[in-house]
Every structure is written in structure tokens, then in C-alpha cells.
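Residue strings, one per chain:
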Number of protein chains: 2
Amino acid sequence: MLPIDRVFHALGDPTRRAMVEYLSAGPLPVTRLAEPFPMSLAAVMQHVRILEASGLLKTEKTGRVRTCRVEPAGFAVVDEWVRRRRANWNTRFDRLEGLLRE
Amino acid sequence: MLPIDRVFHALGDPTRRAMVEYLSAGPLPVTRLAEPFPMSLAAVMQHVRILEASGLLKTEKTGRVRTCRVEPAGFAVVDEWVRRRRANWNTRFDRLEGLLRE
DNA sequence: GAAATAGTCAAGTAAACACTTAAGTATTGA
DNA sequence: TCAATACTTAAGTGTTTACTTGACTATTTC
């Protein structure tokens, strides 16, 4: 699975997006991050792992506490993809292109 | 399902993202759009419907041909979400915030 | 050192998802 | 008008996903 696939897949789930939103306000331990979510800690951890694997989050364990923080670089992937699409449809003359494609 | 959920869910699938990429170069009929994908037309149509429901695409049927085109407004949703996250983590002093949150 | 805390691991489950095939409709071209 | 084209609809299928529960480990705290 490509990195970009992992990022978009990770953000495709509303729970994970909400987690990113919570963490955008600052780092939190898993247990604190889990508080607003009506699910088990184990489930939250599974989401955290997916977000981490995608590069949107980084986690670090000190003692028994694992702290999660947002990784800005992960978002650049999304940003750049959108930017590229826009570059495409802005840089051409719709009418002409449409005709040429037939 | 919220509009933003629909957009991110739609982009969470690699096939659908690829379709958006193809259509970024200009509008195409469903059959033409389907060409590069190793799956049935029916499957492609299902993806098109999901993309359309999310607001990333618009389609128009003239005669027996349904033409698909990218809808720039759909991407603004993604863009703005990323922008908001960034606004959060840029507008604060990480150290201080981290301490205050305990 | 015993009990509470914070996370980890593994196995299971129900629902959602990405397809398929097959039959059907509307439009176009010869 | 007949056949080909371009979808459309519906029903079915295997896989992935988002969870659960329960048992376990490591770290603090009292």
C-alpha cells in the first residue's frame, strides 16, 4: 500500500478524522484522546496505529503513557494531491480540451 | 452522513482517486473513464455515483452518454479541513499548550 | 509489594465495501 | 427497423473494516 493511499484511507474514517482534530489542539496520551469516543481503548489504539502508519500522527511512549501528536508532514501529502488536481484543471482551456479529447 | 464525511470517504478509495485524476485532465463519458480500470462498467458506475454524491464530480446525460467532470467546489472541502488543522497547530506555542493541557 | 493505571495482544463478529454477473432500457447509426 | 452502443438495475459474493471481549504486561502509586 502506497503512502498516499494510507493517508487518504486513514482520513476516510470519521472517528480518525475527529481524533486528528482533537490532537490538532495539542498532544495527548491515548487514554485522554479516547475520552470523547464511545468505544473501547483497544479500538482507539487500533485507530491510532492506522493514523501513525499513515504518517499523520507520531506517538512516543514514556513509562506506561503513550503520547500522540499530529505530524504536519502527513498533511502535506493531502495538500499536494489537491494542489495537483487544481493545477490540471486550471492550466487548460475547457472547451478546447473537451473537443481534443474526442 | 455529513458532506465532509462523504468527500473523505470517496477519496479514501484508490480507484476513485485515480478516476478523479483522469477527470482532472478534462471531462469524459463513463465508458471512456472506465477504459483504464480492470473492472466492469457497473463497478465504475458505482464509483462515479459515490464521487458525485460527495460533490467531487458532476455528471450530465445527453442522449445515451453520461459525461463526468470534476467539480472544483468539492475539493475546497478537503482543502479547508487541512487548512483548519494547520491553523490550530500553528497558532499556539507547543510547549506551553502541552503543559496547560495536563 | 499490592493495587491501580495505561496500554497491549489476540481472537472473534457483524456490517460495510468493492466488486461480479445477468437482464433490462433508452439512444443512435446503418 | 434491426443491431450496436451506453448505460442502468438488481441481486449476490468474498473481503475488509470497525468494532468487541478477555487475558496479559509494564509502570506507578500507596
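An account of the accompanying structure is given in this report. (Residues numbered from 1 in each chain as written. Chains lettered and ligands numbered in written order. Predicted model: local features only at pLDDT ≥ 70, side-chain atom pairs only at ≥ 80, totals over all residues. Heavy atoms only, no water.)

### Structural notes on the protein's contact with DNA strand C
Consideration 1: Every one of the 23 residues lining DNA strand C counts as a neighbour, but A:T31, A:M45, A:R64, A:R66 and B:Q46 are closest to it.
Consideration 2: For DNA strand C, a phosphate oxygen lies 2.7 Å from a polar atom in the side chain of A:R66.
Consideration 3: Along the lines of polarity and charge, the residues of the surface near DNA strand C split into nine nonpolar, seven polar and seven charged. (Near = heavy atom within 4 Å. Polar contact = N/O pair within 3.5 Å; in protein donor to acceptor, adjacent residues only side chain to side chain. Nonpolar A, V, L, I, M, F, W, Y, C, P; charged D, E, K, R; others polar.)

### Some thoughts on the nonpolar core
Consideration 1: Membership of the largest hydrophobic core comes to 51 residues, with the highest contact counts inside it found for A:L11, A:V20, A:F75, B:L11, B:V20 and B:F75.
Consideration 2: Every residue in contact with A:V20, bar those within four places of it in the chain, is listed here: A:L11, A:L51, A:L57, A:V70, A:F75, B:W81 and B:R85. (Core = buried A, V, L, I, M, F, W, Y, C linked by side-chain atoms within 4.5 Å. Buried < 20%, exposed > 50% of the residue type's maximum accessible area, 1.4 Å probe, protein only. Contact = heavy atoms within 4.5 Å.)

### Some thoughts on the protein's contact with DNA strand D
Consideration 1: Taken together, 23 residues form the shell around DNA strand D, and within it A:Q46, A:G63, B:T31, B:R64 and B:R66 come nearest.
Consideration 2: Within 4 Å of the protein, the atoms of DNA strand D are drawn from sugar and phosphate moieties in a proportion of 70%.
Consideration 3: One nitrogen or oxygen atom from the side chain of A:D13 is found 3.5 Å from a phosphate oxygen belonging to DNA strand D.
Consideration 4: The separation between a phosphate oxygen of DNA strand D and a polar main-chain atom of B:R66 is 2.5 Å.
Consideration 5: Secondary-structure elements contributing two or more residues to the surface near DNA strand D are helix 2 (14–24) and helix 4 (41–54) of chain A together with helix 3 (30–34), helix 4 (41–54) and strand 3 (65–70) of chain B. (Helix = DSSP H or I, 4+ residues; strand = E, 2+ residues; numbered from the N terminus.)

### Overview of the pattern of salt bridges
If the charged atoms of two oppositely charged side chains come close together, the side chains can form a pair.
Consideration 1: For the coordinates displayed, the defined rule picks out ten salt bridges over all chains.
Consideration 2: Salt-bridge contacts for A:E80 lead to A:R84; the nearest nitrogen and oxygen are separated by 2.4 Å. Of the two residues, A:E80 and A:R84 are both situated in helix 5 (residues 72–90); the distance of four residues between them amounts to about one turn of the helix.
Consideration 3: Between B:E35 and B:R32 there is a salt bridge, with its nearest N and O atoms 3.7 Å apart.
Consideration 4: Taking the relative accessible area as the measure of exposure, B:E35 reaches 55% and is therefore exposed.
Consideration 5: Judged by relative accessible area, which is 34%, B:R32 ranks as partly exposed.
Consideration 6: One salt-bridge network, held together by shared partners, links A:D79, A:R83 and B:R86. (Salt bridge = Lys/Arg side-chain N within 4 Å of Asp/Glu carboxyl O.)

In short, the description is geometric, and any link to function would need to be established separately.
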